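# Descriptive analysis of the structure
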Amino acid sequence: MSINNLSNERRTNYRWVICAMLFFATTVNYLDRQVLSLTWPLFIGPEFGWTNDDYGTITAWFSILYAVCMLFAGKFVDWMDTKKGFLWAIGIWSVGACLHAFCGIATSGILAGEWFVTFAEAKETIGRIGDGAMVVSVSVVLFIFARFVLALGEAGNFPAAIKATAEYFPKKDRAFSTSIFNSGATIGAMIAPACILYIAELWGWEATFIIIGVLGFIWMGFWVFTYKKPDRNPGVNAAELAYIRQDALTDDATATASAEKKIPFLRCFGYRQTWAFAFGKFMTDGVWWFYLFWMPKYLQTVFHLEGTAQVLPLTVLYTVVMVSIYGGWLPSYFIRRRGMDPYAGRMRSMLIFAFFPLLALFAQPLGGYSYWLTVVIIGIAGAAHQAWSANIFSTVGDMFPRTAIATVTGIGGMAGGLGSFFVQKAAGKIFDYTGRTNMRFLGFEGEPSGYFMIFIFCAAAYLIGWVVMKSLVPRYKPISAE
């Protein structure tokens, strides 16, 4: 039976309200994630005496903690279900975001016994402590703890968002809807410099963590009243519900019943589809996080842009990344116009996107002419990542039943976090080593040579990831729970 025959009503579009909520949640997620990367080079690092390696250690631990949390976050969201799971996730990460602001006071308390002080008084106390190594050690541990709470909550964002997308969109529209909410990562990164750097200069770096952290609590209030299952949502009429469920309507009764059964957690690791998704995330998530966590320091080190001077370049960079929203359109074209199955359409699209990051090889060499060339090229590479990311997330919904989507997404997120751990830790050590030894590499000297090494990995990661994914899962093969 066709969708049109199920209802003569004009179809509502409440699914796009849900997509908008997912977009805002992801925007807040990346605003919270960006605060440290923007404030550490000029504010936090000098206050505590951090090196590149110290910052790399914090971001690496965030990545590995995020990875471990992602492994269980998906299962947690499947257990709690979408609405409650998302509320828990954003509530925890908002608390974690705010905790960063108090790391200075905690450092003052641990080392000098002065706990009940203002932020300014804590700075003065830290400045009087003679043992700089202890200040570094204690502050790094405290920031790692705050990042752990942030990671614990943020790990639930994408499993919950992908699950909500699978509940509200048919397969043919999931890549596009995912690219829309996933663009919140870009929007968050784009507006972060203007918000965070100015707040830090006006009221201190502590205020940025608190103000941005509070946004998550505001989102929770809207989510409580906005989200209901499609079949219980008064904003979704029969025509829209039929459209959302069109994949189930075309399946036979056995397949539909099978899709509702749960796949045990450990069994998910027995599927090649899980490993394909996980490897794709392992190879590429670290690239995006490198751009996200290190671009402010890169602009400072290579082009001598500091503080608010970075606002326009970073805004332009992430504006270019916004092109990625069309990444969800391309597989829809292959599926609808070329008659490809969803997996084939997405893999064809991902192969195309995998070639664009190769431009990162030219980002630093062309920076000798103008840093704007570097900014635009990295923006294009970032756009390719986000387009790739929207499609790799959608492959989970294509191949797994709804009851396992968040779990498998969490497994892939764990792999992505693990890959990012290696990139972050390697970056910090390489930048300190090349800067200390004034190392030369392919025409670059000192710390810039270290950045060029990382750019080489960033350029090749996607093609490597695509080849392995295609080798593991050559063709469309959906999983049925039995």
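Conventions and cut-offs
Residues numbered from 1 in each chain as written. Predicted model: local features only at pLDDT ≥ 70, side-chain atom pairs only at ≥ 80, totals over all residues. Heavy atoms only, no water. Helix = DSSP H or I, 4+ residues; strand = E, 2+ residues; numbered from the N terminus. Rg over C-alpha atoms; globule rule 2.2 N^0.38 Å. Buried < 20%, exposed > 50% of the residue type's maximum accessible area, 1.4 Å probe, protein only. Contact = heavy atoms within 4.5 Å. Areas by Shrake-Rupley, 256 points an atom, 1.4 Å probe, with all protein chains shown as cover. Lys, Arg positive; Asp, Glu negative; His and termini not counted. Charge placed at Lys NZ, Arg CZ, Asp CG, Glu CD. Polar contact = N/O pair within 3.5 Å; in protein donor to acceptor, adjacent residues only side chain to side chain. Core = buried A, V, L, I, M, F, W, Y, C linked by side-chain atoms within 4.5 Å. Phe/Tyr/Trp six-rings, centres within 6.5 Å; stacked < 30°, edge-to-face > 60°. Lys NZ or Arg CZ within 6 Å of the ring centre and 35° of its normal. Expected span 1.5 Å × (residues − 1). Patch = residues over 30% accessible without salt bridge, like charges linked within 9 Å, V, L, I, M, F, W, Y side chains within 5 Å. Salt bridge = Lys/Arg side-chain N within 4 Å of Asp/Glu carboxyl O.

Another point: the overall build of the chain. Scanning the chain for helices and strands turns up 21 helices and 2 strands. Its C-alpha atoms give the chain a radius of gyration of 23 Å, within 12% of the compact-globule value 23 Å for 482 residues. By its C-alpha atoms, the chain is 75 × 50 × 40 Å across when sized along the principal axes. The buried share of the chain, taken over its 482 residues, is 60%. Considering only intrachain contacts with a sequence separation of at least 6, the fraction spanning at least 24 residues in the chain is 83%. When the accessible area of the chain is evaluated, it comes to approximately 18700 Å², of which 67% is carbon and sulfur surface. Taking the average place of the 37 positive charges on the side chains of the chain and the average place of its 30 negative ones, the gap between the two points comes to 11 Å.

As a further point, take the side chain of Ser349. One can find Ser349 in helix H17 (residues 342-355). One polar contact links the side chain of Ser349 to the main-chain carbonyl oxygen of Gly345, over a distance of 2.9 Å. Residues in contact with Ser349, not counting those within four places in the same chain, are Leu330, Pro331, Phe334 and Asn391.

Once that is clear, we can look at unusual backbone geometry. Despite not being glycine, His304 has its phi angle at roughly 60 degrees, a positive value. When you line up the elements, His304 lands in the loop between helix H14 (272-303) and helix H15 (311-321). Positioned with a positive phi, Asn438 is a non-glycine residue whose angle comes to about 55 degrees. Structurally, the position occupied by Asn438 is in the loop between helix H20 (402-437) and strand E1 (440-441).

Before going further, it helps to spend a moment on the environment of Leu22. With respect to the helices, strands and loops of the structure, Leu22 is situated in helix H2 (residues 14-48). In sequence terms Leu22 and Tyr433 are 411 residues apart; their C-alpha atoms lie 41 Å from each other.

The subject of this paragraph is the nonpolar core. Ranked by size, the top nonpolar core spans 136 residues in total, and within it Trp50, Phe290 and Tyr291 carry the most contacts. Of all the elements, H2 adds the most residues to this core, at 17 residues. Counting residues in each nonpolar core, the second largest holds 5 residues, with Leu330, Phe334, Met340 and Ala387 among its members.

Counted under the stated rule, the structure contains 44 aromatic pairs. Here the aromatic rings of Phe421 and Phe422 are separated by 5.6 Å at their centres, their planes lie at 75 degrees, and the arrangement is edge-to-face. Residue Phe422 is classed as partly exposed on the basis of its relative accessible area of 47%. Among the aromatic residues, those joined into a cluster by ring pairs are Trp40, Tyr55, Phe290, Tyr291, Trp294, Tyr298, Phe303, Tyr371, Trp372, Phe431, Tyr451 and Phe455. Arg11 extends its terminal NZ or CZ atom over the ring of Tyr243, reaching a point 4.0 Å from the ring centre.

Take helix H19 (residues 371-399) next. The end-to-end C-alpha distance of H19, which contains 29 residues, comes to 43 Å, matching closely the 42 Å that a straight helix rising 1.5 Å per residue would cover. For H19, a buried count of 24 out of 29 residues is recorded, marking the element as mostly surrounded by other parts of the structure.

Together, Val95, Leu99, Phe145, Phe148, Leu152, Val214, Leu215, Phe217, Ile218 and Phe222 make up a nonpolar patch on the protein surface, roughly 840 Å² of accessible area in all. At 5 residues, the largest contribution of residues to the nonpolar patch is made by helix H10 (residues 205-226). Along the chain, Leu215 falls in helix H10. Among the residues examined, Leu215 registers a relative accessible area of 32% and is labelled partly exposed.

Let us look at the pattern of salt bridges. Two side chains carrying opposite charge are able to pair once their charged atoms lie near each other. For the structure on display, the rule yields 14 salt bridges. With its nearest N and O atoms 3.3 Å apart, the salt bridge here joins Lys425 to Asp53. Separated by 372 residues along the polypeptide, Lys425 in helix H20 and Asp53 in helix H3 (residues 52-80) bring together distant segments of the chain. By relative accessible area, Asp53 is classed as buried at 19%. Two residues, Glu445 and Arg440, come together in a salt bridge whose shortest N-O distance is 2.8 Å. Using a relative accessible area of 37% as the deciding quantity, one classes Glu445 as partly exposed. Several salt bridges share partner residues, and in doing so they unite Glu47, Lys123 and Glu206 into one network.

What follows is about the environment of Leu65. Examined against the element boundaries, Leu65 turns out to sit in helix H3. Apart from the residues lying within four places of it in its own chain, the contact partners of Leu65 are Ile144, Phe148 and Ala151.

Given a rise of 1.5 Å per residue, 23 residues ought to cover 33 Å, and the 32 Å separating the end C-alpha atoms of helix H7 (residues 132-154) matches this to within 8%. Between the side-chain oxygen at the start of H7 and the backbone nitrogen of Ala133 there is a gap of 3.3 Å, and the oxygen is on Asp131.

Our next topic: the side chain of Asn391. For Asn391, the position within the fold is in helix H19. On the basis of relative accessible area, Asn391 is assigned to the buried category, the value being 0%. Polar contacts involving the side chain of Asn391 include one to the main-chain carbonyl oxygen of Ala387, which spans 2.9 Å.

None of this, on its own, says anything about what the molecule does.
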